[in-house]
Amino acid sequence: MPECRLIGAVVAKGNWAVQSHGFSRYLPIGRTTVVVDYLNRWGIDEIALIDIDATRERRLPLFDDITRCASKCLVPLAVGGGINSLGTMERLLRSGADKVIVNSAALSNPAVITEGARNFGDQCIIVSIDAVKVGPGVYRVVRGGVTPTDTEVVEHARRVAEIGAGEILLNSVDRDGTRQGYDLGLLNAVAAAVKIPVIACGGVGTARHFLEGYEAGLTSLAAANYFNHCEHSVVLAKRFLQEHGADVRVDTPFTYADLDVNDRGRLAGPNEQLLEHLRFQYIEEEVI
Amino acid sequence: MRPVTITIIDYGMGNLVSVSNALSALHVPHSISNRAADIDAADALILPGVGAFGAAMENLRRLQVIDTLRRNVVDKGKPVLGICLGMQLFAETSEEKGHFEGLGWIRGNVRALRPGPTVRIPHVGWTEIVRQRGDCLYGRLGEHPSFYFDHSFHLECPLDLVTAKFCHGGEFVAAIRKDNLFGVQFHPEKSHRNGLKLLRNFVNQATALQGNLQHA
């Protein structure tokens, strides 16, 4: 079985990474290349880099920026934003992307999913679905991050899986930036409807939220804002998951192996003596 | 010993940039090519692969590179690392989207992975491999290292070729070795430090063998 994978979603406006709240408020973090580089060093399992302005601005992805990001990235790099043609997909894959993420085109030009899968393999094609809750257990697809459509999310997920999507990245617009945890009702409904991997996204505020996703049967857990708060956010979240029985790879020079991590993803009861020792501990970089 | 030259075979199917980035991270000189001159000049080859088997074989035929590969790999015994679809191409046949013939360098066939109640296809994500026997590819890696997989088809082949397996609703081949043929179902170029170590081991093996390809 695959282990649990933590995916760093890098929400970008062009080549600036941002914090996102409710798909409407954005705070700048820094250059995408730096965020990708850091996540890579911090032990993330995969990165999804999404340019949320490309479609709205009717422009192509920023291929040069993606090449620069890819050069820092030794884990899979999925790239999305402004992809609606086979040519764009090919150019992205040649620029260094390992997978492409299609969102708007799944509504306006779904044939591109099938063409992409046929040419590059379905494992290269992720379809991203932004969902908003309109009633108890009822979710609709949001177009362009803003406009709710009449398309029901589970039905849309089923359809894209049938026509060639290899994975679904499922975002809850309502939970985005709220730190209230994943919308498990939404995620379970979609996961039950398809046989392809479903990546959860939207709402993570504590390490326990990742665990809740894992215990609900989701092994692909994405977060955007959560990983930007501290350098050890990735390894601490993984340690918390491990302590609670999840299978997850931890491969960073410092693993917090003998320390407890609390629900929030911080060290439980910091030991002053240990922390003092850590200030001057030399960890030799492993040369491969 | 001089540094080895690795050539990554470009046949239009594969995340060449990722493999190249990984070799660059290791400071290993390499070229990306499908020209006979470059393949003949290389000390070792990497055959990446992302996409469909039939299209891959069609591309190899169209680029007229199969004979060059056979001359270098089968006749001259140069080390070659097949990654994902690249490894699958070593086999005799594949049932991916039809019925296709592969390079036939090893006995074996490529078959579909089947979904199940808790088994999603494609098999995507980090999975531990379980070593079946030692191999130079696994130096400095633990007993059950994790690597990144992303595939819907797997290789069935004789057990004596298998150096590692993985589990995904059943046991499947993760890696093979036959003389100078190395194959991995996972993506070392996308497997962070474990992947870099494996690639380094491959390069070290190629370095040790240069000029003397008569090996077991």
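Note that the coordinates shown come from a computational prediction; the quantities given were computed from them, not determined experimentally. Chains are numbered independently. Their residues run from 1 in the order of the written sequence. Following the order in which they are written, the chains are lettered starting with A and the ligands numbered starting with 1. Local features in a predicted model are, by the rule used here, given only for residues with pLDDT of at least 70; side-chain atom pairs are given and counted only at 80 or more, and totals for whole chains, interfaces and linings are based on all residues. By convention in this description, side-chain values take in all heavy atoms of the structure and omit both hydrogens and water.

### A short note on the overall build of chain B
Okay, step 1: Strands are runs of DSSP state E lasting at least two residues, helices are runs of H or I lasting at least four, and both sets are numbered from the N terminus onward. Within chain B one finds six helices and 14 strands.
Okay, step 2: At 16 Å, chain B has a C-alpha radius of gyration in line with the 17 Å of a compact globule built from 216 residues.
Okay, step 3: Contacts are assigned to residue pairs that have any heavy atoms within 4.5 Å of one another. Considering only residue pairs separated by 6 or more positions, chain B has 71% of its internal contacts joining residues 24 or more positions apart.
Okay, step 4: Here the accessible surface of atoms and residues is derived via Shrake-Rupley with a 1.4 Å probe, and residues count as covered only by protein chains that are part of the display. About 7,900 Å² of surface is accessible on chain B, with carbon and sulfur atoms providing 49% of the total.
Okay, step 5: Under the counting rule used here, the positive set is Lys and Arg, the negative set is Asp and Glu, and His together with the chain ends is not counted. Think of each charge as sitting on NZ of Lys, CZ of Arg, CG of Asp or CD of Glu. Charge separation in chain B, taken as the distance between the mean sites of 23 positive and 20 negative side-chain charges, equals 4 Å. For a compact globule the rule gives 2.2 Å times the number of residues to the power 0.38, and the radius of gyration it is set against comes from C-alpha atoms.

### Notes on the environment of A:Gly87
Residue and element names in this part refer to chain A.
Okay, step 1: Within the secondary structure layout, Gly87 lies in helix H3 (residues 86-95).
Okay, step 2: Whether a residue is buried, partly exposed or exposed follows from its accessible area with a 1.4 Å probe, protein chains only, as a fraction of its type maximum: under 20%, in between, or over 50%, in that order. Take Gly87: its relative accessible area is 48%, and that puts it in the partly exposed class.
Okay, step 3: C-alpha separation for the pair Gly87 and Ile126, spaced 39 residues apart in sequence, amounts to 16 Å.

### Let's talk about the pattern of salt bridges
When the charged atoms of two side chains with opposite charge come close together, those side chains can pair.
Residue and element names in this part refer to chain A.
Okay, step 1: Any Lys or Arg side-chain nitrogen found within 4 Å of a carboxyl oxygen on Asp or Glu counts as a salt bridge. Applying the stated criterion across every chain yields a total of 30 salt bridges over all chains.
Okay, step 2: Asp45 is the partner of Arg249 in a salt bridge, and the nearest nitrogen-oxygen pair spans 2.7 Å. Here Asp45 lies in the loop between helix H1 (32-41) and strand E4 (46-51) and Arg249 lies in the loop between helix H9 (233-243) and helix H10 (272-279), a separation of 204 residues in the sequence.
Okay, step 3: On the basis of relative accessibility, which here comes to 7%, the residue Arg249 falls in the buried class.
Okay, step 4: Asp45 gets classed as buried once you look at its relative accessible area, which sits at 0%.
Okay, step 5: For Glu243, the salt bridge identified is with Arg239, shortest N-O distance 3.1 Å. Separated by four residues within a single helix, Glu243 and Arg239 lie in helix H9, roughly one turn from each other.
Okay, step 6: Looking at Glu243, the relative accessible area reads 32%, which means it is partly exposed.
Okay, step 7: In this structure Arg239 comes out as buried when scored by relative accessible area, which is 9%.

### With respect to H9(A)
Residues and elements named next belong to chain A.
Okay, step 1: For H9, the buried fraction is high: nine of the eleven residues fall into the buried class.
Okay, step 2: Buried residues along H9 sit against strand E1 (5-13), H1 and helix H8 (207-215).
Okay, step 3: Remark: Gly245 follows H9 within two positions and exhibits a positive phi of approximately 95 degrees.

### As for the pairing of E1(A)
All names here are of chain A.
Okay, step 1: The element E1 is extensively covered by neighbouring structure, given that eight of its nine residues are classed as buried.
Okay, step 2: With four bridges joining them, E1 and strand E12 (residues 220-223) adopt parallel strand pairing. When the sheet's bridge partners are listed, Ile7 is paired in E12 with Ala222.
Okay, step 3: DSSP-based pairing: two strands are paired if at least 2 bridges between them are found. The sheet contact formed by E1 and E4 spans six bridges and is parallel. Pairing of Ala9 across the sheet is with Ala48, part of E4.
Okay, step 4: Direction of pairing for E1 relative to strand E2 (residues 16-21): antiparallel, over a ladder of two bridges. Residue pairing across strands places Ala12 opposite Ala17, the latter belonging to E2.

### Thoughts on the state of the cysteines
Here, disulfide denotes a covalent bond that connects the sulfur atoms of two cysteines.
All names here are of chain A.
Okay, step 1: Cysteine sulfur atoms are paired as a disulfide whenever they come within 2.5 Å of each other. Applying the stated criterion to the full structure yields zero disulfides over all chains.
Okay, step 2: Free cysteine: Cys69, not disulfide-bonded; nearest cysteine sulfur from Cys73 at 8.1 Å.
Okay, step 3: Residue classification places Cys69 among the buried positions, given a relative accessible area of 0%.
Okay, step 4: Classification of Cys73 by relative accessible area gives buried; the value is 2%.

### Overview of the interface of chain A and chain B
Okay, step 1: In this complex, chain A contributes 42 residues to the contact, which on the side of chain B involves 41 residues.
Okay, step 2: Carbon and sulfur atoms make up 51% of the surface buried where chain A meets chain B, a total of about 3,400 Å² over both sides.
Okay, step 3: On the surface where chain A and chain B come into contact, there are six salt bridges.
Okay, step 4: The salt bridge involving A:Arg94 is made with B:Asp10; its shortest N-O contact spans 3.7 Å.
Okay, step 5: Partitioning the side of chain A that touches chain B into residue classes produces 21 nonpolar, eight polar and 13 charged. Accessible-area loss on putting two parts together, using a 1.4 Å probe and summing over both, is the definition of buried area adopted here. We call Asp, Glu, Lys and Arg charged. Ala, Val, Leu, Ile, Met, Phe, Trp, Tyr, Cys and Pro are nonpolar, and the rest, Gly among them, are polar.

### A few points about unusual backbone geometry
Leave glycine aside and you will find that most residues have negative phi; peptide bonds, for their part, are mostly trans.
Residue and element names in this part refer to chain B.
Okay, step 1: Here the residue pair Ile121 and Pro122 is connected by a cis peptide bond, since its omega of 5 degrees sits within 30 degrees of zero.
Okay, step 2: Of note, Pro122 is situated in the loop between strand E7 (109-112) and strand E8 (123-128).
Okay, step 3: In this structure, His27 is a non-glycine residue whose phi angle is positive, near 55 degrees.
Okay, step 4: Among the secondary structure elements, His27 is positioned in the loop between helix H1 (16-25) and strand E2 (30-33).
Okay, step 5: Even without being glycine, Cys84 reaches a positive phi, approximately 60 degrees.
Okay, step 6: Judged by its relative accessible area of 3%, Cys84 is buried.

### Side note on the nonpolar core
Okay, step 1: Among buried residues, those of type Ala, Val, Leu, Ile, Met, Phe, Trp, Tyr and Cys that are joined through side-chain atoms within 4.5 Å constitute a nonpolar core. Membership of the largest hydrophobic core comes to 82 residues, with the highest contact counts inside it found for A:Leu39, A:Ile47, A:Val153, A:Leu170, A:Phe210 and A:Phe227.
Okay, step 2: Residues contacting A:Leu170, with those up to four places away along its chain left out, are A:Ile129, A:Ala131, A:Val153, A:Leu186, A:Leu187, A:Val190, A:Val198, A:Ile199, A:Ala200 and A:Cys201.
Okay, step 3: Ranked by size, the runner-up nonpolar core spans 39 residues in total, among them B:Phe172, B:Ala174, B:Val184 and B:Leu198.

### Things to note about the packing of aromatic side chains
All names here are of chain B.
Okay, step 1: Here is the rule: rings of Phe, Tyr and Trp (six-membered ring for Trp) pair when centre to centre is within 6.5 Å. Planes less than 30 degrees apart are stacked, more than 60 are edge-to-face, and the remainder are tilted. Under the criterion given, the structure shown has 13 aromatic pairs over all chains.
Okay, step 2: Between Phe90 and Trp105, the ring centres sit 5.5 Å apart and the planes meet at 35 degrees, which makes this aromatic pair tilted. Within this pair, whereas Phe90 is found in the loop between helix H5 (85-88) and strand E5 (93-94), its partner Trp105 is found in the loop between strand E6 (100-101) and E7, the two being separated by 15 residues in sequence. We note that Phe90, like Trp105, is buried.
Okay, step 3: With centroids separated by 4.7 Å and ring planes inclined at 45 degrees, the aromatic side chains of Phe149 and Phe166 adopt a geometry described as tilted. Of this pair, Phe149 sits in strand E10 (residues 146-151) while Phe166 sits in strand E12 (residues 162-167); the two residues are 17 residues apart in sequence, bridging distant segments of the chain. The pair Phe149 / Phe166 is uniform in exposure class, with both members buried.
Okay, step 4: The structure contains a cluster of three or more aromatic residues connected by ring pairs, namely Phe147, Phe149, Phe166, Phe172 and Phe186.

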